[in-house]
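# Structural overview for review
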Amino acid sequence: QVQLVESGGGLVQAGGSLRLSCAASGRTFSRYNMGWFRQAPGKEREFVAAISWSGGNTGYADSVKGRFTISRDNAKNTVYLQMNSLKPEDTAVYYCAADPVLDRHYLVNTIGAYDYWGQGTQVTVSS
């Protein structure tokens, strides 16, 4: 079991930056692949980024590639999402999630693969 708590959301102007954090409980955090997802009003939740348990492998949605960076600090049980060059279409509630399969050797970008979710943090980008 792992519990996840996101923070760092807020209101920012287009072109600005935000850094989201996701703090995890549990002794096996360093063995979970982690993901970030987002859900805009009236839309389905979508994949944003994922990182392997070691931090050595990352993956991104095309819409954020080159602007967002996912990273993790296993000593702090925390995963981050650095968001640069933000656009109004990035406005959404952002969720972090943990892949329950320990030491999985590949990243997954499907919602159904993630069992553990945080409560979400709101990101609003004004034009």
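Presented here is a report on the structure given in the accompanying data block. (Residues numbered from 1 in each chain as written. Predicted model: local features only at pLDDT ≥ 70, side-chain atom pairs only at ≥ 80, totals over all residues. Heavy atoms only, no water.)

### Some details on the pattern of salt bridges
To be explicit about the condition: The rule for a salt bridge is simple: a side-chain nitrogen of Lys or Arg has to be within 4 Å of a carboxyl oxygen of Asp or Glu. Numbering of helices and strands starts at the N terminus; helices are DSSP runs of H or I of at least 4 residues and strands are runs of E of at least 2. The classification of residues rests on relative accessible area computed with a 1.4 Å probe and restricted to protein chains. Under 20% of the type maximum is buried, over 50% is exposed, and intermediate values are partly exposed.
If you walk through the whole model with that rule in mind, you get six salt bridges. Among the salt bridges present, the one from Asp103 reaches Arg31, with a minimum N-O distance of 2.7 Å. Residue Asp103 is located in the loop between strand 9 (92–98) and strand 10 (116–117), and its partner Arg31 is located in the loop between strand 3 (18–24) and strand 4 (34–39); the two are separated by 72 residues in the primary sequence. The class of Arg31 is partly exposed, set by a relative accessible area of 35%. Note that Asp99 is salt-bridged to Arg104, the shortest N-O span being 2.5 Å. Here the salt bridges do not stand alone but share partners, grouping Arg38, Glu46, Arg67 and Asp90 into one network.

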